[in-house]
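The chain contents come next:
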Amino acid sequence: MLEVRDLKKYFALSGGRRIRAVDGVSLRVQENEILGIVGESGCGKSTLGRLILRLIEPDAGQVYFGGEEITCLSRSVLRPKRRTMQMVFQNPFSSFNPKIRIGAALMEVCRYYGMSIPEGRERIERLLRDIGLSSDLLNRWPGELSGGQLQRLAIARAIIAEPSLLIADEPLSALDVSVQAQLLNLLDDLRASRSMAMIFISHDMTVVEYFCGRVAVMYLGVIMELITAAELSRNALHPYTRSLRASAPRLDVFKDSVEESATPIHGETPNPHVLIKGCPFAPRCPQAQPFCTDALPELREASPGHWVRCSLF
Ligand SMILES: Nc1ncnc2c1ncn2[C@@H]1O[C@H](COP(=O)(O)OP(=O)(O)O)[C@@H](O)[C@H]1O
Ligand SMILES: [Mg+2]
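Nothing here was measured: the structure is a model prediction, and the numbers come from that model.

Observations concerning the overall build of the chain
Piece 1. Looking only at helices and strands, the chain has nine helices and twelve strands in total.
Piece 2. Taking 2.2 N^0.38 as the reference for a compact globule, 313 residues should give roughly 20 Å; the C-alpha atoms of the chain span a radius of gyration of 20 Å, in line with that estimate.
Piece 3. Taking the principal axes of the C-alpha coordinates as reference, the chain spans close to 65 × 45 × 40 Å.
Piece 4. Taking contacts inside the chain between residues at least 6 apart in sequence as the whole, the part at least 24 apart equals 63%.

Laid out in structure tokens, this is it:
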């Protein structure tokens, strides 16, 4: 349903330098699936999400949605298509206007997508039931609600128009651990009951491994490995993926799947301002060889559906 081809976004800095935030990302998302995008802070995950929805414009590359290229569409043609792709952001406290009551904020979205007021009201009531919140909240101001409640409402707002793709950008990061698991379950229920596909962005390998069907591991704007979540524990090949897993806090359920050979990640998070020749992970890689800094390796299919960008494999 979604195909991204060689998407690039460079940000200009003062002094003529550029950050290569997203540097040639290609991927596909199938109907109903949850694709995880994981990597350390600053590796380009949010930029990629925004590029896919064209909240920012790419420098190069294409996005196809349902077979149609949307990168070349004008804003006015794109607008009605927006309802099919939605995004939930990291900070629920900044996603609602503090001066607009929750009910009015949700109704605004219904009206934007052409629903009548009774239609909108019915849709909102049903959604609130689905997300497990009382309709009393509709009269409240955003500032009166908890982060967990607001994030549920942000999700509700994103799916009001029944999108076929939801991009969730670190939707749990600002919430208490106790609320995180509930929200993850809610997201999965909503996805399953609406046959929606999801791109789930996170810096947390443990969550991604648990929640997603496939996982794209990003490092400095490029995909290093694309693998099914089920295979991560046994067959992850890229030294960066293995280091990320070894560094991730382990939940008890995953204890039997920790491999002994992986080295936890070491070294500083890379400085994206410095242009690295060859593999961007080479400076921190425990298995780096002299040839790793020659050129960026291709993303190569190691086995069906399993892609790795590393000269060693
Ligand atoms: N609007 C912007 N202007 C300049 N640099 C940006 C902008 N947005 C993101 N960046 C930079 O691009 C890189 C990727 O950022 P981002 O996509 O937010 O990463 P992530 O979501 O993985 O933490 C970072 O180095 C960030 O500082
Ligand atoms: Mg981000």
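Some thoughts on helix α4 (residues 117-130)
Piece 1. Counted at 1.5 Å a residue, the expected span for α4 with its 14 residues is 20 Å, and the 20 Å between its end C-alpha atoms agrees.
Piece 2. The set of residues buried in α4 consists of Gly 120, Arg 123, Ile 124, Leu 127 and Leu 128. Relative to the axis of α4, the buried residues are bounded by an arc of 135° and lie together on one face. Of the exposed residues in α4, the ones pointing more than 90 degrees away from its buried face are Pro 118, Glu 125, Arg 126 and Arg 129.
Piece 3. At its buried positions, α4 is contacted by α3 (102-112) and α5 (147-159).
Piece 4. Downstream of α4 by a residue or two, Gly 132 has a phi angle that is positive, lying close to 75°.

Re the nonpolar core
One broad rule of soluble globular proteins: the nonpolar side chains tend to lie buried together.
Piece 1. In this structure, Leu 166, Phe 200, Ala 216, Val 217, Met 218 and Ile 223 are the most contacted members of the largest nonpolar core, which totals 84 residues.
Piece 2. In terms of residue count, the dominant contributor to this core is α5 (seven residues).

Some points on the site of ligand 1
Piece 1. The immediate surroundings of ligand 1 are formed by twelve residues, with Phe 11, Ala 21, Lys 45, Ser 46 and Thr 47 found nearest.
Piece 2. Among the elements of the structure, β2 (18-29) and α1 (45-52) are those that each provide at least two residues to the shell around ligand 1.
Piece 3. If you tally residues by element for the shell around ligand 1, the top one is α1, at three residues.
Piece 4. Across the shell around ligand 1, the residue classes tally to five nonpolar, six polar and one charged.

What to know about the environment of Val 215
Piece 1. Looking at the element boundaries, Val 215 is found in strand β9 (residues 214-219).
Piece 2. Placed 87 residues apart in sequence, Val 215 and Ala 302 show a C-alpha to C-alpha distance of 15 Å.
Piece 3. Once residues within four sequence positions are removed from consideration, Val 215 is found in contact with Gly 36, Val 38, Val 208, Glu 209, Ile 227, Ala 229 and Leu 232.

Some details on the environment of Leu 220
Piece 1. Within the element layout of this structure, Leu 220 appears in the loop between β9 and β10 (222-228).
Piece 2. Leu 220 sits 184 residues away from Gly 36 along the chain, and the two C-alpha atoms are 16 Å apart.

Some details on the confidence of the model for the chain
Piece 1. Confidence in the prediction of the chain, expressed as mean pLDDT, is 90, and 92% of residues score 70 or more.
Piece 2. Considering only residues more than four positions removed or in separate chains, one finds that residues 251-261, a stretch of pLDDT under 50, has five contacts.

Looking at the pairing of strand β4 (residues 60-65)
Piece 1. The sheet contact formed by strand β1 (residues 2-12) and β4 spans five bridges and is antiparallel. Residue pairing across strands places Val 4 opposite Val 63, the latter belonging to β4.
Piece 2. Bridge count between β4 and strand β5 (residues 68-69): two bridges; the pairing is antiparallel. Counted as the bridge partner of Tyr 64 is Glu 69 from β5.
Piece 3. The turn joining β4 and β5, which pair antiparallel and follow one another in sequence, is formed by two residues; a positive phi near 55° is taken by Gly 66.

A look at the pairing of β9
Regular strands place their side chains on alternate faces of the sheet.
Piece 1. Burial within β9 is extensive, with six of its six residues counted as buried.
Piece 2. The two faces of β9 match: Arg 214, Ala 216 and Met 218 on one face and Val 215, Val 217 and Tyr 219 on the other face are all buried.
Piece 3. Of the strand pairs in this sheet, strand β3 (residues 34-38) and β9 are connected by four bridges, and their pairing is parallel. Bridge pairing in β9 places Leu 35 opposite Arg 214.
Piece 4. Direction of pairing for β9 relative to β10: antiparallel, over a ladder of six bridges. If you follow Arg 214 over to β10, its bridge partner there is Thr 228.
Piece 5. The loop that links β9 with its antiparallel partner β10 comprises two residues; one of these, Leu 220, has a positive phi angle of about 45°.

Notes on the sheet that holds β1
Piece 1. Pairing in this open sheet of four strands is antiparallel, and the strands run β2-β1-β4-β5 from one edge to the other. Looking at which strands have only one partner, the edges of the open sheet turn out to be β2 and β5.
Piece 2. Contacting β1, β2 and β4, α1 runs over the sheet at an angle of about 60° to β2.

Some words on the sheet that holds strand β7 (residues 165-169)
Piece 1. Pairing in this open sheet of eight strands is mixed, and the strands run β6-β7-β8-β3-β9-β10-β12-β11 from one edge to the other. At either margin of the open sheet sits one strand with a lone partner, and together these are β6 (85-88) and β11 (300-303). Between one strand axis and the next, the sheet turns through 25° on average, direction left out of account.
Piece 2. Here four bridges tie β6 to β7, and the two strands are oriented parallel to one another. Bridge assignment links Val 88 to a residue of β7, and that residue is Ala 168.
Piece 3. Here helix α9 (residues 239-247) sits on the sheet and contacts β9 and β10; the angle it forms with β9, its principal contact strand, is near 100°.

Calculation criteria
- Residues numbered from 1 in each chain as written.
- Chains lettered and ligands numbered in written order.
- Predicted model: local features only at pLDDT ≥ 70, side-chain atom pairs only at ≥ 80, totals over all residues.
- Helix = DSSP H or I, 4+ residues; strand = E, 2+ residues; numbered from the N terminus.
- Rg over C-alpha atoms; globule rule 2.2 N^0.38 Å.
- Contact = placed C-beta atoms within 7 Å.
- Expected span 1.5 Å × (residues − 1).
- Buried ≥ 20, exposed ≤ 12 C-beta atoms within 10 Å, placed from the backbone.
- Arc of directions from axis to C-beta.
- Core = buried A, V, L, I, M, F, W, Y, C linked by C-beta atoms within 7 Å.
- Near = placed C-beta within 6 Å.
- Nonpolar A, V, L, I, M, F, W, Y, C, P; charged D, E, K, R; others polar.
- pLDDT = per-residue confidence, 0-100.
- Pairing = 2+ DSSP bridges.
- Axes fitted to C-alpha atoms, helices over the stretch in contact; angles between N-to-C directions.

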